[in-house]
Amino acid sequence: MVKEAEVREPLILGKDVTYHKITEEVCAPVEGRANKLWWFIFTMSLLLGLWGLGSITYTIGRGIGVWGLNTTVGWAWDITNFVWWVGIGHAGTLISAVLLLFRQKWRMAINRAAEAMTIFAVMMAALFPGIHMGRIWMSYWVLPIPNQFGSLWVNFNSPLLWDVFAISTYFSVSLVFWYIGLIPDFATIRDRATGPIAKKIYSILSFGWTGNAKAWIRFEEVSLVLAGLATPLVFSVHSIVSMDFATSVIPGWHTTIFPPYFVAGAIFSGFAMVQTLLLIARKVLNFERYITIQHIELMNVVIVVTGSMVGTAYLSELFISWYSGVEYESYAFLNRATGPYAWSYWMMMTCNVITPQFFWFRKLRRSLTVSFILSIFVNIGMWFERFVIIVTSLHRDYIPSNWSWFHPTWVDIGVFIGTIGLFFTLFLLFTRFFPVLALNELKSILKGSGESYRDGNKPEKENEELAA
Amino acid sequence: MDQFTFTDKSKKLFIGLIAVGVIATLYGIFSGQGARTWTSAMISGWFFFGIALAAVFFIGVNNAAQAAWGVVLKRVFEGVSMFMPYGTLLLLIVFLGATFHWNHIYHWMDKSLYDPSSSHYDAIIAGKEPYLNLPFWWIRAILLLGVWNLFTFLFRKRSLVEDQEGKTSKWFKKNLTLAAIFLVFFGYTIHIGSWDWIMSVDTHWFSTLFGWYIFSGIWVSGIVMVLLITIFLKKNGYLKEVNDSHIHDMGKWVFAISFLWTYLWFSQFMLIWYSDIPEEVTYFLVRLEDYGLTFWGMVLINFIFPMILLMSKDMKRNAGVLTFVGVIILFGHWMDSYFLFTPGVMKDQGVIGLVEIGMMLGYLGLFLFVVFNQLTKAPLVVKKHALLEESLHHHIN
């Protein structure tokens, strides 16, 4: 193995880290008991989630009329939430697939949690178009089923249908990718489990993994193939979501920049959410030596790069709307920036374009507090971006007599807050029952990039452990 | 052999190519096809300028990403990037020609379009006057070209100084900062350049994606060019340090960025085609109705060849396959450049004939002459770099 260049910072901190220590520390949350803080947050999240489920039940019982949207603003809160959640769901696959192809070793510490977050976020996203159908019991109609079922075939020309395929493909591939990665780690937990039930369950989950060389070769091949498959998906999902808007002829929606700009925005928001979650998780679960300041910094770099891409896209859109000389186009953007919803536009601009610029400073990139606050800002900003695109483009129609407003009702708010509750509930459960770090993958970089082995060092305890 | 010798044989070949270009240009001018010749100068001028620009961009990305694998290829990237001043000159000739109305590549430079009393008055173009007017346009052009050239020289100079001076970790940090500044500037200005020099050819038309599309196009061309030169050098016994893994990585880039280009091409095309808004769809109507076969051919070449032939690992390490695919998609992207300008200037009268091909060969000759000459000026592999050891031992399965 070639020695790593001196300019590189170690990715696993601590001079006493051995393979065994990694196993111990990563398995600790699964094997130990949850503390009071965990139970408190879990209960709160669950209550919010239940409130959301109540709001959804109410929506299904009474119909879409209980929401704030109307004939002019036919898409509003729900689709905003849908796009927001799908966007957040982008980081996981980017980290697991694209960073794998780029051979970024730092991904090993964050991929598992990010992928879990992706799965949960996509689940939350899929909820919204589902309940927006109104008659949710007809939701299987989005699938191309034979005419004997009593309806016509789905409209293959519609981007909404492409979306069904795009998201379900993305969800399945992400799930498989995540699960394949989990198998060896489940096996480690299985081997260490003391309770018979836990042993049984983890034994089923680990698919009889033995950890021999052949299995590892196949594991790596499958990871690479899945990474190859998942990379185009990172692009396709949000491109197709953007086409829900961009294929239309509505000013503010129809613009060719949408596909790449939505993808950049999705990565931006996804990384911000990963940052939010991991900053808490590394503290609560004692993973500071694995998710180091350098990991935080690198994620902030991704945030500032994708944020700048989003920023150029905003400016391009604004400029071209004027340059085009098309009256409606120019008005749509003027209305965004100065109309009745201008506050949401400036909210978006501030949170997405201005505040991330602080990350150009190394000191701020490496500050935990600043990172946490700014990641929340990005989460908020990206929600407003979708709100701006959807609501402000619709609320002033071509005919002024159609002009209207959108106000969310308590049901709208309840469903949204509910998805946040459910998301956190699922994530918290994940931290108790799944290995939050990819422990076997982490071991693969310990000798090359870990502080304890790099530069010809050896952890002090290694010999004792070997002897025992 | 870490010092490259520019053989007389190569020199003669490149000068021969330049002669072909000169003859094609003269033929174009004296056969009364001025518009065609000027357009052709822009097509090839932009194409080779773009390659140099992409090389600088890639040097910047490698610095910013702290990537080790590309370190042994750095000098080849630098050599290609050093065509920048010559490319700039070639573009400036066309720009000056347009400004003095020797050519009519930029329709909006016609003053009568802005005069309400004129029969040529065009309300839409007149509305763009605050942006599309000669002084402001020239200020932008000089700013962009000047700063891009400046960064090209800075990267090159620092690389040569580092070889002499050592102090690798200092230069590593300094280059990281320089690359970050360059990438931010480039990220914004590549859009402006694309709008000013290319999109404004079809003055009425607009597309927000355009800058991204142009950017991906030069990126593929730049990487392919560097790859082809690397293969040539290796074949002639140079660059022993470059192993299969480095070549494999370059092959991956060609593969990946070809996909990116196709993705952006498709996004732009599909959204305009689907919405069918008159202001926008005219752009593709001209290209599809008057140039249908070649236009689709260009898209297919640039997508299908890299996709099928570079899918497997072995192909990405095979010099023969890479050369074959490389030459074809390089031509494919030259065709892309052809379609950026020709339909806008020549309407339905554009052809690909002696003038276009001849001038392309002439520009290629000049490009290779400059690049090979630059390659002789420094060792082919950097002597000092913080990540050199990692790069020399680069190995992937």
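Scope of this entry: the structure provided in the associated data block. These numbers come from a predicted model, not from an experiment.

**Some points on the overall build of chain A**
- Looking only at helices and strands, chain A has 17 helices and 0 strands in total.
- Taken over C-alpha atoms, the radius of gyration comes to 24 Å for chain A, in line with the 23 Å a tight globule of 468 residues would show.
- Evaluated residue by residue, chain A yields a buried proportion of 57% over its 468 residues.
- Within chain A, contacts between residues at least 6 apart in sequence are counted, and of these 82% link residues at least 24 apart.

**Considerations on the nonpolar core**
- Ranked by internal contacts, the top residues of the largest apolar core, which has 275 residues, are Trp46, Tyr106, Trp148 and Trp197 of chain B.
- Ranked by residues supplied to this core, first place goes to helix H8 (residues 210-235) of chain B with 17 residues.
- Beyond its immediate sequence surroundings of up to four residues, Trp46 of chain B is in contact with Leu91, Trp197, Ile198, Ile214, Ile218, Ser337, Leu340 and Phe341 of chain B.
- Ranked by size, the runner-up nonpolar core spans 5 residues in total, among them Ile183, Trp209, Ala215 and Phe219 of chain A.

**Notes on the interface of chain B and chain A**
- Between chain B and chain A, the contact holds 48 residues from the first and 41 residues from the second.
- When chain B packs against chain A, close to 3,600 Å² is buried across both sides, 71% of that on carbon and sulfur atoms.
- Sorting the residues of chain B by area buried against chain A places Thr208, Trp212 and Leu271 of chain B first, and these three jointly supply 20% of that buried surface.
- Where chain B touches chain A, the interface holds 2 salt bridges.
- Of the charged contacts, one joins Arg103 of chain A and Asp249 of chain B as a salt bridge, the two residues approaching to 2.8 Å between their closest N and O atoms.
- Counting across the chain B and chain A interface gives 17 residue pairs in polar contact (both at pLDDT 80 or more).

**Quick word on the packing of H8 of chain B against helix H12 (residues 319-346) of chain B**
All names here are of chain B.
- Between H8 and H12, whose axes approach to 9 Å, the crossing angle comes to 145 degrees. H8 and H12 meet at a crossing whose hand is left-handed. Two secondary-structure elements touch here, H8 through Phe210, Tyr213, Ile214, Gly217, Val220, Ser221, Val224, Met225, Leu227, Leu228 and Ile231 and H12 through Ala319, Leu322, Thr323, Gly326, Val327, Ile329, Leu330, His333, Asp336 and Leu340.
- Residues of the contact of H8 with H12, tallied by class, amount to 15 nonpolar, 5 polar and 1 charged.

**Things to note about helix H9 (residues 258-284) of chain A**
- The end-to-end C-alpha distance of H9 of chain A is 38 Å, a good match for the 39 Å that 27 residues give at a rise of 1.5 Å each.
- Asn286 of chain A sits one or two residues past H9 of chain A and shows a positive phi near 60 degrees.

**Thoughts on the packing of aromatic side chains**
- All chains considered together, the criterion is met by 115 aromatic pairs over all chains.
- Taken together, a centroid distance of 5.5 Å and an interplanar angle of 15 degrees make the contact between Trp383 of chain A and Phe387 of chain A stacked. Highlighted residues: Trp383 of chain A and Phe387 of chain A, both in helix H14 (residues 368-395), separated by 4 residues, approximately one helical turn.
- The ring of Tyr323 of chain A carries the charged tip of Lys128 of chain B above its face, separated from the ring centre by 4.0 Å.

**As for the side chain of Thr306 of chain A**
Residues and elements named next belong to chain A.
- Counting through the fold element by element, Thr306 comes out in helix H10 (residues 293-323).
- We classify Thr306 as buried; its relative accessible area is 7%.
- With residues up to four places along the chain from it excluded, the contact list for Thr306 reads Ala264, Ile267 and Phe268.

**Brief notes about the environment of Val142 of chain A**
Residue and element names in this part refer to chain A.
- Mapped onto the secondary structure, Val142 falls in the loop between helix H5 (107-132) and helix H6 (159-192).
- When the C-alpha atoms of Val142 and Val154 are compared, they prove to be 6.4 Å apart, with 12 residues separating the residues in sequence.
- Setting aside anything within four residues of it in sequence, one finds Val142 in contact with Met133, Val154, Leu161 and Val164.

**A word on the pattern of salt bridges**
Residues and elements named next belong to chain A.
- By the definition in use, this model includes 29 salt bridges over all chains.
- The residue Lys105 makes a salt bridge to Glu4 at a minimum N-O spacing of 3.2 Å. With a gap of 101 residues between them, Lys105 in the loop between helix H4 (90-101) and H5 and Glu4 in the segment before helix H1 (19-31) connect regions that are remote in the sequence.
- For Lys105, a relative accessible area of 34% translates into the label partly exposed.
- Using a relative accessible area of 11% as the deciding quantity, one classes Glu4 as buried.
- Put simply, Glu9, Glu297, Arg362, Arg365 and Arg366 are held in one network by salt bridges that share partners.

**A closer look at the packing of helix H3 (residues 74-81) of chain B against helix H13 (residues 354-375) of chain B**
All names here are of chain B.
- In contact at an axis separation of 8 Å, H3 and H13 are set at 135 degrees when each is read in the N-to-C sense. In this view, H3 runs oblique relative to H13, as classed from their interaxial angle. The handedness of the crossing between H3 and H13 is right-handed. On the side of H3, the interface is formed by Arg75, Val76, Gly79 and Val80, while H13 contributes Phe367, Val371, Gln374 and Leu375.

Each value, and the rule that gives it
- Residues numbered from 1 in each chain as written.
- Chains lettered and ligands numbered in written order.
- Predicted model: local features only at pLDDT ≥ 70, side-chain atom pairs only at ≥ 80, totals over all residues.
- Heavy atoms only, no water.
- Helix = DSSP H or I, 4+ residues; strand = E, 2+ residues; numbered from the N terminus.
- Rg over C-alpha atoms; globule rule 2.2 N^0.38 Å.
- Buried < 20%, exposed > 50% of the residue type's maximum accessible area, 1.4 Å probe, protein only.
- Contact = heavy atoms within 4.5 Å.
- Core = buried A, V, L, I, M, F, W, Y, C linked by side-chain atoms within 4.5 Å.
- Buried area = accessible area lost by both parts, 1.4 Å probe.
- Salt bridge = Lys/Arg side-chain N within 4 Å of Asp/Glu carboxyl O.
- Polar contact = N/O pair within 3.5 Å; in protein donor to acceptor, adjacent residues only side chain to side chain.
- Axes fitted to C-alpha atoms, helices over the stretch in contact; angles between N-to-C directions.
- Left-handed = near helix turned anticlockwise from the far one by under 90°.
- Nonpolar A, V, L, I, M, F, W, Y, C, P; charged D, E, K, R; others polar.
- Expected span 1.5 Å × (residues − 1).
- Phe/Tyr/Trp six-rings, centres within 6.5 Å; stacked < 30°, edge-to-face > 60°.
- Lys NZ or Arg CZ within 6 Å of the ring centre and 35° of its normal.
- Parallel < 35°, antiparallel > 145°, perpendicular 65-115°, else oblique.

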